[in-house]
Amino acid sequence: MEVKKPENIDEYIGAFPADVQEILEKIRAVIQKAAPEAKEKISYSMPAFEQNGIVVYFAAYKNHIGLYALPTGHEAFKEEFSIYKSGKGSVQFPLKDPMPFDLISRIVKFRVKENLEKAKKK
C-alpha cells in the first residue's frame, strides 16, 4: 500500500489525531515566531523550515515528537537534551510529557543565526 506523501505542512498535521495536531500546530507557531523569515516546506516527508538552508525539521510519531536541528543544533543543546532520548541529529520529546516549547524556540533561533553566519561566509 502506498502512503500519500504530504504536499505541505497543513496536510502533514491534518493526518494526525486532534491532540497531536494541537501539539504540532503549537510547535509550528513557536518555529514561525522564532524564525519569522523562514519558509515552510516538506522535506523527507517531514515539515521543515528553511532560511539560508534548513533550520529544523519536526515530525510526529506514535509516542513522541522528533525534532531535527542537524548535528550542530544538537551539539549546542546537548545538556538540555540529556533528559530526552536523542541521537546525533535528533531528539525525541515524549507526547506524554509537556512539550519544551521554550527550548524549541531557542534551538530555532540558534540555527537561524548559524545559517546566517554560514551564508555570510559564502
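Refer to the structure printed above.
Described below are features of the structure shown in this document.

Rules of the game
Residues numbered from 1 in each chain as written. Predicted model: local features only at pLDDT ≥ 70, side-chain atom pairs only at ≥ 80, totals over all residues. Heavy atoms only, no water. Helix = DSSP H or I, 4+ residues; strand = E, 2+ residues; numbered from the N terminus. Expected span 1.5 Å × (residues − 1). Buried < 20%, exposed > 50% of the residue type's maximum accessible area, 1.4 Å probe, protein only. Contact = heavy atoms within 4.5 Å. Pairing = 2+ DSSP bridges. Phe/Tyr/Trp six-rings, centres within 6.5 Å; stacked < 30°, edge-to-face > 60°. Lys NZ or Arg CZ within 6 Å of the ring centre and 35° of its normal.

Side note on helix 5 (residues 101–121)
Reasoning step 1: The end-to-end C-alpha separation of helix 5 is 31 Å, in line with the 30 Å expected for 21 residues at 1.5 Å each.
Reasoning step 2: L103, I104, S105, I107, V108, R111, V112, E114 and N115 are the residues of helix 5 that are buried.
Reasoning step 3: Where helix 5 is buried, its residues meet helix 2 (18–34), strand 3 (54–60), strand 4 (64–68), helix 3 (70–76), helix 4 (78–81) and strand 6 (91–94).

Quick notes on the sheet that holds strand 2 (residues 46–50)
Reasoning step 1: Across the sheet, six strands lie side by side as 1-2-3-4-6-5; this open sheet has antiparallel pairing. A single partner strand is all that each edge strand has here, and the edge strands are strand 1 (39–43) and strand 5 (85–86).
Reasoning step 2: Strand direction decides the pairing type here: strand 5 and strand 6, joined by two bridges, are antiparallel. Counterpart to K85 in the pairing with strand 6 is Q92.

A few points about the packing of aromatic side chains
Reasoning step 1: Enumeration according to the criterion identifies six aromatic pairs in this entry.
Reasoning step 2: Seen in terms of ring centroids, F49 and F58 are 6.5 Å apart; in terms of plane orientation they differ by 20°. Their pairing is stacked.
Reasoning step 3: You can call F58 buried: its relative accessible area is 0%.
Reasoning step 4: Among the aromatic residues, ring-to-ring pairing joins F77, F81 and F110 into one connected group.
Reasoning step 5: Looking at K26, its charged tip hangs above the ring of F101, at a distance of 5.2 Å from the centre.

Everything listed is a geometric property; what it means functionally is a separate question.
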